[in-house]
Amino acid sequence: MAALQVAGGPVCGAREPPPGPGSGFRRLSARLASLRPADSSSARTEIHLLFDQLISENYSEGGGGVTAEDVSALLVQACRLVHLNQEHLVSKVSQLIHHLLNRLQVIVDEQNLDFLLAYTISAFQQCSSWTHMEILQALSALVYYNGPKCQKYLPDLLGETGILVKLSDPSQSDPDLSRAAVHCMANICLSVPGQPYLDEPYRNVCFQTFLTILESSKVSGMDDITFCMLLQNALKGLQSLLNGGKMKLTQTEQLGSLLAVLKVSVGLKSLLPIDNQPPHTEQRTHKAEGPRSKRKKAKSKQKKGHREEELKEPNGELGAGAASALGKLTLHEGSALGCAYLSTLSGAPEGSSPAARDRASSYLSSPPWKRISSSESDYSDAEGGLQNKMRSYQAKVRQGALACFLSTIKSIEKKVLYGYWSAFVPDTPGIGSPQSVSLMTISLKDPSPKTRACALQVLSAILDGSKQFLSVAEDTSDHRRAFTPFSVAIASSVCELHRCLLLALVAESSSQTLTQIIKCLANLVSNAPYNRLKPNLLTKVWNQIKPYIRHKDVNVRVSSLTLLGAIVSAQAPLPEVQLLLQQPCSSGLSSSSGSTMLWLSPSDWRRDASYAETLEESTDSLAGSSGEPCWLIRLCISTVVLPREDPCSDSDTSCTIGNIYEPSPVRLEALQVLALLVKGYFVMAQGYLMELGEVACRCMEETDPSIQLHGAKLLEELGTGLIQQYKADSTVAPNQRVPVSLVVMFWAMMLNGPLPRALQNSQHPTLQASSCDALSSILPEAFSSLPNDRQILCITLLLGLNHSKNPLVKAAAVRALGVYVLFSCLRQDVMFVADTANAILMSLHDKSPNVRAKAAWSLGNLTDTLIVNMEMLGQSFQEEFSSLLLLKMLRSATEASKDKDKVKSNAVRALGNLLHFLQPYHVIKPRFTETIEESIQALISTVLSEATMKVRWNACYALGNVFKNSALPLGTAPWTAQAYGALTSVVKFCKNFKVRIKSATALSIPDKREQYGSVEQYAQIWNALVTALQKSEDTTDFLEFKYCASLRAQICQALIHLLNLASGSDLRCIQETVEQSGDMVRLYILQYLKSGVEGDDTGSPQSPQERDKMLSEALGHIKGVQEPSGDTAKKVIVAYLEGILTMYTSETESCVSLL
């Protein structure tokens, strides 16, 4: 046999340079590459030694310059040197594969993976069983994040007789092999986002294997630690499948089984029910926390590979048996949840003393980690160390189960998840009954802070987006019934969540877990329907969270402010929250908030003499609205602008001497709370208007882009709050509003401050866009009182930003122009309207859909302004407005009506207004004729399209506007029949009743008989309205029923309107209706006459006298119609209408007599 040839030996006596990073690996790799396959004893020894040296090499962090290609090439060479009959070397090369891939964090490329997988699978099939463990470990490292690249070998691994499927069987005799096989299967399931994924058959095989393992109890011969590691691997595999996004749990039984095993795996069966004692007095004493934290710090120093299965953190333990005799969670018809909890152990042998029974009951009902005390333990130190290790592994299983539960929540629909609500969310226990086990049980009872935090993350995920589900909760009155309504059960659950989370808040000592508790509370507050629940829930949360605002940990402070923001934004305004805001500042907060206003510099607005007069003028009006100073506003202002009392707390690792303010996340959250408070409770904030304005200025002057952005957002909310106060439907009394003079001063301060600079900051387009939104929130009444140069500045900046290349800025600018064009002081300025129109039309052709959508909205507002000016200023404005620009607007709006729905909905609105605005001299111009025809055809096609209901509603509204223009040839033009045909089709068959209402409204707009066209056209419209009246209750959507009355009222008004315009030739079709459907029409017309309709703006008269007058005028008109000789239709119709009026009069008189 040939001896191994080794090249490149060192020269004796030569001084070697110091080894560099990765030099040892490269030297050994070169020696390995120089070897050739041989079966001699010396060759095997040489290879064995080289493998040992490679395994024992001290690789620096990051691999010391060793590339993935180097590692892959070395492993391929190593496998080529080792024949499969050399089992000791096969075992050693398997160890080498596992060690290098884990230690150097390498994922093998596809070409080398193919060779290495073929080698390891063949080695497993041919070598003795004692090598299988190392081979499986090597296989596990190879397939890590490489599952989709293993397609050729998946039948050998995951097929019916595949290696991993057979070894993962719970009945497998070797538990270590079973664990390693499951770990390998879990690594196959790992996927990289955007990359190919496992085929569905193999996903299902893996899923069922993992589920079976979790459902099986521990087999004989398997120690507890191995069993825990097996469960961990199964849970990691399930989580990988769910995180991949391809695994959809569509079958109820499959989902129920998964949730059942997860519930058992998190240890809910072994934990105590929640009692009335504070949890920290039972499990979380300082003596228990100290050693655990020390052990955690000691363990954290150990190095960990990214695929290692060993667990470092000592925590709690898992209950006995993962899921023996497990009852599956299934949904049953008529039940929100079909779930049977396993009964807990209790009781003691009969005949024992009460004390003995108590001890036995306490022992059996307590989890194992509570049964051992230092004074009573019979365990030796070694056994105690084993117990600690066991608790660590069991806690890791619980954390893995909770992580898997979190992935499950993200992979199923919320409506499916909430069917299992009562299995995981606590409910108020009945009198004498124990507290049900739930996720809150873990949050309160588990000894591991990390596990408690994981449970709270899962609970937060369940609560996130639960607003619709929780909206049914109602607990505003006492329910004394034989059964508990579902609404009361949900309300009870919400109240219990509040109680448990507040209990956990008081008991928690870990900052990380404390943060999760507060975040969970914020999620609950954001989704709970407090207007349907008994008061005082938010008061308890409010009072409990106050001390944590000054917590030493930054994350706790941030989450506390998040919770306060959730409170002030929950169904705002709530009377309970308004009272809380008016409460005097609590102890511990007054010292800092009392000096809140010391930061204010002697600004121009303070030195202004008119400010004192304005302030004196507004004091009386604002005093009643604000009452007590709002401590939350003062707190947030001080957090944003004042230096903190302890500039470098222990938890702020990033603190520097120059950073004297609160950390940026805290300041940002305080600004968000201010914005939410202004939005929901402006009455409370208006007393601080100028101070809040200066806060916004200070923030926009800073260098941190996030602070600048939140300052602009606060300014926008302040402006919006002022606009809301001055709206026509505002409930704020005029004497309680902020005076316009103070608003003018506020905006003058903004425009003389950093706002113009922010608008011109092209390096920060997001800030520019937010500043545009803020600028659009100026109160119109205040804008007209601003100095002319400030008004011109605003308009010039917006027109300039409309040319921005950034779509975000351009969209915000064109939207702001759409707001300004409605201002009464600007809309009559023809030059401004023309400049704005040109700017909007330019943006309407932008490539960004968002810019086009905002431009279409602004174009709709611009055309609304044209109609207002036409009605107020008359023909003078129409003649002054450019015909060429009007034609350009018509063409652009017609083109936009073929765009996406977000653009189309406002484009058709603009078309209706523009066609209404046209004058006779426009209509007769040849260049307008074709454009008008195209515009009307665009509206007709939109009415009949499958677009969203909002688009079709706007199209019907637009056609109604077209009908208002007497200059258009309605009734004689070819498009007349098409327009009426579209509207009659919609009024009869559209699924959306609001669209039907608007089409009926449009049909009742023409005020001359000739506008309805021929007798046949009139009859078609009449019969369509009668049919629509018959079908006014035909809908499968329950939400549409509330519009039935409005629809019938509008149809009846349209029918009476048509009667009032009918000619003698039209009476025949009316007679047919009287004879065929007279009873039905009479019933609905009587209802229309007797009662008004609230809600939808149908345009119908609300006064009974007006409705009676309309029908009487219609009767008088019919009487005066000249009918063809020998025709009896007139007589029939007159008698019919007189009968309706007589019945209405008699019913009205009888009602009056009863009163």
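These figures come from a predicted structure and were not determined experimentally.

Draft legend 1. Geometry of the overall build of the chain. The secondary structure content of the chain amounts to 55 helices and zero strands. The 1155 residues of the chain split such that 54% are buried. The contacts of the chain with a sequence gap of at least 6 include a subset with a gap of at least 24, amounting to 76%. On the chain, roughly 51,500 Å² of surface is accessible, and the fraction owed to carbon and sulfur atoms is 52%.

Draft legend 2. A look at the packing of helix H29 (residues 631-641) against helix H30 (residues 664-680). At a minimum axis separation of 9 Å, H29 and H30 run at an interaxial angle of 145°. Crossing angle aside, the handedness with which H29 passes H30 is left-handed. Note on element contacts: H30 touches H29 through Val666, Arg667, Ala670, Leu671, Val673, Leu674 and Leu677, opposite Leu632, Ile633, Cys636, Ile637, Thr639 and Val640. Here the contact of H29 with H30 is composed, by residue class, of 11 nonpolar, one polar and one charged.

Draft legend 3. Structural view of the packing of aromatic side chains. Inspection of the entire model under this criterion finds 17 aromatic pairs. Where Tyr820 meets Phe823, the ring centres are 4.9 Å apart and the plane angle is 25°; that geometry is what we call stacked. A relative accessible area of 3% means that Phe823 is categorised as buried. Relative to Phe917, the ring of Phe881 has its centre 6.2 Å away and its plane inclined at 80°; by these criteria the two rings are edge-to-face. In this pair, Phe881 is assigned in the loop between helix H43 (875-880) and helix H44 (883-896) and Phe917 in helix H45 (residues 901-917), connecting sequence segments 36 residues apart. As far as burial versus exposure is concerned, Phe881 and Phe917 are alike and both buried. Among the aromatic residues, those joined into a ring-pair cluster are Tyr418, Trp421, Phe469 and Phe486. Taking the ring centre of Tyr726 as reference, the NZ or CZ of Arg737 above it sits at 5.4 Å. Positioned above the aromatic ring of Tyr1088, the side-chain terminus of Arg1107 is 5.7 Å from the ring centre.

Draft legend 4. Broad picture of the packing of helix H21 (residues 486-507) against helix H22 (residues 511-527). In the contact formed by H21 and H22, the axes pass within 10 Å of each other and the chain directions differ by 160°. Taken together, the axes of H21 and H22 are roughly antiparallel relative to one another. When the axes of H21 and H22 are compared, the crossing they make is left-handed. In contact with Val494, Leu497, His498, Leu501, Leu502, Ala504 and Leu505 of H21, H22 contributes Leu514, Ile517, Ile518, Cys520, Leu521 and Leu524. When the residues that make up the contact of H21 with H22 are grouped by side-chain class, the tally is 12 nonpolar, one polar and no charged.

Draft legend 5. Spatial organisation of the nonpolar core. Counting 352 residues, the largest nonpolar core has Ile462, Leu632 and Tyr820 as the members making the most contacts within it. Looking at which domains feed residues into this core, each of domain 1 (413-427 + 437-477 + 485-582) and domain 2 (1066-1153) supplies at least three. Among residues more than four places away in sequence, those in contact with Tyr820 are Leu775, Ser776, Ile778, Phe783, Cys794, Ile795, Leu798, Leu826 and Phe832.

Draft legend 6. Examining H44 more closely. When the terminal C-alpha atoms of H44 are compared, their 20 Å separation across 14 residues agrees well with the 20 Å that a helix rising 1.5 Å per residue should span. Counting buried positions along H44 gives 10 out of 14 residues, so the element sits mostly inside the fold. Listing the buried residues of H44 in full gives Ser883, Leu885, Leu886, Leu887, Met889, Leu890, Ser892, Ala893, Thr894 and Ala896. The N-cap residue of H44 is Ser882: its side-chain oxygen and the backbone nitrogen of Leu884 are 3.3 Å apart.

Draft legend 7. Expanded view of the environment of Asn187. Structurally, Asn187 can be placed in helix H9 (residues 175-189). Accessibility expressed as a relative area gives 6% for Asn187, which makes it buried. Engagement of the side chain of Asn187 in a polar contact is seen with the side chain of Ser140, the distance being 2.7 Å.

Draft legend 8. Representation of the pattern of salt bridges. Overall, the coordinates contain 22 salt bridges when judged by the stated rule. Between Glu496 and Arg499 there is a salt bridge; the shortest N-O distance is 2.9 Å. Placement of both Glu496 and Arg499 in helix H21 is noted, with a separation of three residues, approximately one turn of the helix. Using a relative accessible area of 3% as the deciding quantity, one classes Glu496 as buried. Its relative accessible area of 34% is what places Arg499 among the partly exposed residues.

Draft legend 9. Here's a closer look at empty space enclosed by the protein. A full pass over the atoms with the stated rule returns four cavities of 30 Å³ or more. Estimates place the volume of the largest cavity at around 90 Å³. Around the largest cavity sit Ser168, Pro170, Gln172, Ser178, Ile213, Ser216, Ser217, Lys218, Val219, Met222, Phe227 and Leu230, which together line it. Partitioned by chemical class, the residues of the lining of the largest cavity number six nonpolar, five polar and one charged.

Draft legend 10. Focus on the environment of Gln578. Locating Gln578 in the fold gives a position in helix H25 (residues 575-582). Measuring from C-alpha to C-alpha, the distance between Gln578 and Val683 comes to 9.6 Å, with 105 residues separating the pair along the chain. Discounting residues that sit within four places of it in the chain, Gln578 has contacts with Tyr681 and Met684.

Draft legend 11. Region of interest: the state of the cysteines. Taken as a whole and assessed by the stated rule, the structure comprises zero disulfides. You can see Cys184 has no disulfide; the closest cysteine sulfur is in Cys150, sitting 8.6 Å from it.

Draft legend 12. Molecular detail of the environment of Leu167. With respect to the element layout, Leu167 can be found in helix H8 (residues 163-167). In this structure Leu167 comes out as buried when scored by relative accessible area, which is 9%. For the pair Leu167 and Ala181, spaced 14 residues apart in the sequence, the C-alpha separation amounts to 6.0 Å. Here Leu167 is in contact with Phe124, Leu136, Gln172, Leu177, Ser178 and Ala181, once residues within four sequence places are set aside.

Draft legend 13. The arrangement of a nonpolar patch on the surface in detail. A cluster of nonpolar side chains, namely Phe1038, Leu1039 and Phe1041, defines an oily patch on the protein surface of about 370 Å² accessible area. Its location among the elements puts Phe1038 in the loop between helix H51 (1015-1030) and helix H52 (1044-1059). A relative accessible area of 67% places Phe1038 in the exposed class.

Draft legend 14. Inspection of unusual backbone geometry at higher detail. With omega at -5°, the peptide bond leading from Ala572 into Pro573 counts as cis. Structurally, Pro573 is set in the loop between helix H24 (554-569) and H25. You will see that Gln105, though not glycine, has its phi angle at about 55°, which is positive. Among the secondary structure elements, Gln105 is positioned in the loop between helix H4 (87-103) and helix H5 (110-126). Residue class for Gln105 comes out partly exposed when judged on its relative accessible area of 45%. Its identity as a non-glycine residue notwithstanding, Asn536 has a phi of 95°, on the positive side. Within the secondary structure, Asn536 is located in the loop between H22 and helix H23 (537-545).

Draft legend 15. Region of the structure containing the side chain of Arg1048. Of note, Arg1048 is situated in helix H52. When near neighbours in sequence (up to four residues on either side) are disregarded, Arg1048 contacts Leu1029, Ser1032, Glu1033, Tyr1084 and Gln1087.

Draft legend 16. Molecular detail of the side chain of Thr513. Within the fold, Thr513 resides in helix H22. For Thr513, the contacting residues outside a window of four places in its chain are Pro449, Arg452, Ala453, Leu456 and Glu508.

What counts as what
- Residues numbered from 1 in each chain as written.
- Predicted model: local features only at pLDDT ≥ 70, side-chain atom pairs only at ≥ 80, totals over all residues.
- Heavy atoms only, no water.
- Helix = DSSP H or I, 4+ residues; strand = E, 2+ residues; numbered from the N terminus.
- Buried < 20%, exposed > 50% of the residue type's maximum accessible area, 1.4 Å probe, protein only.
- Contact = heavy atoms within 4.5 Å.
- Areas by Shrake-Rupley, 256 points an atom, 1.4 Å probe, with all protein chains shown as cover.
- Axes fitted to C-alpha atoms, helices over the stretch in contact; angles between N-to-C directions.
- Left-handed = near helix turned anticlockwise from the far one by under 90°.
- Nonpolar A, V, L, I, M, F, W, Y, C, P; charged D, E, K, R; others polar.
- Phe/Tyr/Trp six-rings, centres within 6.5 Å; stacked < 30°, edge-to-face > 60°.
- Lys NZ or Arg CZ within 6 Å of the ring centre and 35° of its normal.
- Parallel < 35°, antiparallel > 145°, perpendicular 65-115°, else oblique.
- Core = buried A, V, L, I, M, F, W, Y, C linked by side-chain atoms within 4.5 Å.
- Domains from an automatic or database assignment.
- Expected span 1.5 Å × (residues − 1).
- Polar contact = N/O pair within 3.5 Å; in protein donor to acceptor, adjacent residues only side chain to side chain.
- Salt bridge = Lys/Arg side-chain N within 4 Å of Asp/Glu carboxyl O.
- 1 Å grid on protein atoms, 1.4 Å probe; cavity = no way out; pocket = protein on both sides within 12 Å on 5 of 7 lines; lining within 4 Å.
- Points joined across faces, edges and corners; volume = space filled by probe spheres on them.
- Disulfide = S-S within 2.5 Å.
- Patch = residues over 30% accessible without salt bridge, like charges linked within 9 Å, V, L, I, M, F, W, Y side chains within 5 Å.

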